[in-house]
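Reading the structure
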Amino acid sequence: AKVEAADRQLEILKRIAPENSLVLSHLGNRFLEQSKFTEAEAVLRKGLEKSPDDCEIRSNLAATYISQNRSADSVVELLKDHSSGCPSALVILSD
């Protein structure tokens, strides 16, 4: 029930603020959780267009690539993350 309620709220936010980077980040995460990697990648890329220094969006895009066995693309995003000072990139790169 909680997941459905969260999905409904996310749909409302998507209609109200479709260009908001936070909304795009959450939507991308939801697609990633549902293994909808193509959709997740598209939404997260759009989020990065709006907020290119957003560590969370970039890390989630890297996770999307990892889920698709696209490790080279993931490393590129994580290195961008690291160069922006995002601490999450250090953890993922050290694994």
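None of the values given here were measured: they were computed from a predicted structure.

**Remarks on the overall build of the protein chain**
Looking only at helices and strands, the protein chain features 6 helices and 0 strands. Tracing the protein chain from N to C terminus, the helices and strands come up as α-α-α-α-α-α. Residues counted as buried form 33% of the 95 residues belonging to the protein chain. Within the protein chain, contacts between residues at least 6 apart in sequence are counted, and of these 36% link residues at least 24 apart.

**Focus on the pattern of salt bridges**
By the definition in use, this model includes 8 salt bridges. Residues Arg30 and Glu33 are paired through a salt bridge, measuring 3.0 Å at the closest nitrogen-oxygen approach. You can see Arg30 and its partner Glu33 sitting in helix H2 (residues 21-33), 3 residues apart, about one turn around the helix. Note that Asp73 and Arg70 form a salt bridge whose closest N and O atoms lie 2.9 Å from each other. For Arg70, a relative accessible area of 26% corresponds to the partly exposed category.

**What about unusual backbone geometry?**
Despite not being glycine, Ser35 has its phi angle at roughly 60°, a positive value. Positive phi, close to 60°, is recorded for Asn69, a residue that is not glycine. Relative to the helices and strands, Asn69 is located in the loop between helix H4 (55-67) and helix H5 (71-83).

**Quick look at the confidence of the model for the protein chain**
Summary statistics for the protein chain give a mean pLDDT of 81 and a share of 85% for residues scoring 70 or more. Confidence, read as mean pLDDT per element, is least for helix H6 (residues 87-94) in the protein chain (52) and greatest for helix H3 (residues 37-50) (93).

Procedures and definitions
Residues numbered from 1 in each chain as written. Predicted model: local features only at pLDDT ≥ 70, side-chain atom pairs only at ≥ 80, totals over all residues. Heavy atoms only, no water. Helix = DSSP H or I, 4+ residues; strand = E, 2+ residues; numbered from the N terminus. Buried < 20%, exposed > 50% of the residue type's maximum accessible area, 1.4 Å probe, protein only. Contact = heavy atoms within 4.5 Å. Salt bridge = Lys/Arg side-chain N within 4 Å of Asp/Glu carboxyl O. pLDDT = per-residue confidence, 0-100.

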